[in-house]
Each structure stands twice: as structure tokens, then as C-alpha cells.
Amino acid sequence: YAWSVSHSDRFWTAVWEFCGIRGAGPLEPAYVDFERMPGCRFFPATEINFAQNLLRFRDERLAIIARGEDGSTRELGYADLAEEVRRVRAALQRAGVGVGDRVAGFVPNRPEAVIAMLATASLGAIWSSCSPDFGINGVLDRFGQIEPKVLFTADGYYYGGKRFDCLEKVAGILSQLPSVQQVVVFPYAGTDRAIDSVPRALRWADFAPDTDVPLSFEPGAFDRPQYILYSSGTTGVPKCIVH
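Every value quoted in this text rests on a predicted model; they were computed, and no experiment measured them.

Some thoughts on the nonpolar core
In step 1: Membership of the largest hydrophobic core comes to 59 residues, with the highest contact counts inside it found for L92, F143 and F152.
In step 2: Counting residues per element, this core draws most heavily on helix α5 (residues 111-122), at seven residues.
In step 3: Dropping the residues within four chain positions of it, F143 is found in contact with A104, G105, S128, S129, C130, P148, L151, L177 and Y230.
In step 4: Grouped together as the second largest cluster of nonpolar side chains are six residues, L27, A30, Y31 and I48 included.

Put into C-alpha cells, the structure is as follows:
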């Protein structure tokens, strides 16, 4: 601890090397303006991609174990996860998503949420999400501030042993969120209901068909925005928290 405080530049370089972070460029300086809070910048000469680091494995070891309230279980190994990300990344790129664009998820805690986030990050775009049990106004208070280009949603979700629909709320959200150019619906609620009521919507499989576009990663500054999360909104409109 004492060494990390008195030699903080060497400490953070050692953390980078010990954790095996993947990036390009020199690790020195480890930071600039260290005494400023906020204002300090770490590894200013280095570029990384968040998704590339999370997808460093391409074998069959487990990456995701998902259990739904409906009793369903789904497992994804790293190789399968990377393959899913590859297809969704190519689809997002075709939809015009690039560095700095926002992609939002009105999603339950499912593998598709992780896949969409990783695909977004691979492009240098910014991911944001909120729970599907939010009302329309609660979603607009959040996503209305960030103007997402693409919105991912489940067809529904389960809570307390009951099944709830998402698509009616999504249609209401879109009527007041003009920045969204594409909606992507993935199945979870056990229905094959039509999505015609949702403007600009495609099913997951139709949005991200198989393609031969390779998975690649857009490098960027160490402090490039990755997520936009939100405060609770109990004292006014939710505040954006940029990670």
C-alpha cells in the first residue's frame, strides 16, 4: 500500500501489466494531472477497446450463465459469445452506428443485453440501459437526454410469476424519442407476437443475420465514454453518470 501511494505511476503500470490489459501505445506516462480531481487522465498515450478485453478468450469456457424467472437456463461459452457479438456488431455498423453514438437497451438481464453492449463497445459507441419495468416517462427522462440511434428491447419479461409485455411501452417511447432509427426486438416472454405495432422494428434474427464480416475493435482513448448510467431521479430528472 505504501509503495502504491509513493510510486503511484509505477503501481498503475504494474496493474495494467498484471491484469493483461490489451491496448496499443506506450504505457508512460501512466497519468497526467494526477493531483486534479476531476481532471486526472490515465494512460493518455494508450488506446484500448473495452469489448476486446472482455472477449479475449475464444474457447468453450463459460462466459455467461443466464437463468430466467420462467425457469429457463441458457449458457454461452466465449467462442459462441464472440460469434453473437460479431453478427450484432456488423448489423449495428450497417445501421450507421459509430464512435460516440449512443445505443440503448430497454432490457431485462438477459444474454442479449450483454451481446448488444459488447457489440456497441466494439464500435466505440456508448451503451445505456434501463429496466423494462420502468414506465414510459421514466424511460424518456433517461434516454431523452442521450438521443440513442438504436434501441434494443425484449418482447416482454417476467416478474413475480407473471408475464409482462414490453412492446406497447416501446411504441409509446418511440413516439417521443425521434432519435431512434432502429428498434431490435429479441424473444424472452415466450410469445411469438407480431411486432408491427412498433415503428422501425426488426426481430433480433432479422436485424443480425449471419455474415462473413469479421469481428474487429475500434481503438480509442483510455477515457473514452463507455456507459451512460443514471441517478435515481428522486430529486428531479435523473442525472447521467458517464463511465
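The structure having been displayed, the exposition proceeds.
Things to note about the pattern of salt bridges
In step 1: The tally for this structure, following the rule as stated, stands at eight salt bridges.
In step 2: A salt bridge links D223 to R41, with the shortest nitrogen-to-oxygen separation between them at 3.3 Å. Linking D223 in the loop between β14 (220-221) and β15 (227-230) with R41 in strand β3 (residues 41-42), this pair joins segments that are 182 residues apart in sequence.
In step 3: Take D223: its relative accessible area is 44%, and that puts it in the partly exposed class.
In step 4: For R41, a relative accessible area of 36% gives the class partly exposed.
In step 5: In this structure, the salt-bridge partner of D101 is K149, at a minimum N-O distance of 3.2 Å. With D101 in the loop between α4 (78-94) and β7 (102-106) and K149 in the loop between α6 (136-146) and β9 (150-154), this residue pair connects regions lying 48 residues apart in the sequence.

Focus on the packing of aromatic side chains
In step 1: Taken as a whole, this structure holds 16 aromatic pairs when the rule is applied.
In step 2: Pairing W3 with F11 gives two aromatic rings, centres 6.5 Å apart and planes at 75 degrees, and the pair type is edge-to-face.
In step 3: Assessed through its relative accessible area of 27%, F11 is described here as partly exposed.
In step 4: When the centroid spacing of 5.3 Å and the interplanar angle of 85 degrees are considered together, the rings of Y158 and Y188 count as edge-to-face. A residue pair is termed long-range when its members are at least 10 positions apart, and Y158 in strand β10 (residues 156-159) and Y188 in the loop between β12 (182-186) and β13 (201-203) qualify at 30 residues.

What counts and how
Residues numbered from 1 in each chain as written. Predicted model: local features only at pLDDT ≥ 70, side-chain atom pairs only at ≥ 80, totals over all residues. Heavy atoms only, no water. Core = buried A, V, L, I, M, F, W, Y, C linked by side-chain atoms within 4.5 Å. Buried < 20%, exposed > 50% of the residue type's maximum accessible area, 1.4 Å probe, protein only. Helix = DSSP H or I, 4+ residues; strand = E, 2+ residues; numbered from the N terminus. Contact = heavy atoms within 4.5 Å. Salt bridge = Lys/Arg side-chain N within 4 Å of Asp/Glu carboxyl O. Phe/Tyr/Trp six-rings, centres within 6.5 Å; stacked < 30°, edge-to-face > 60°.

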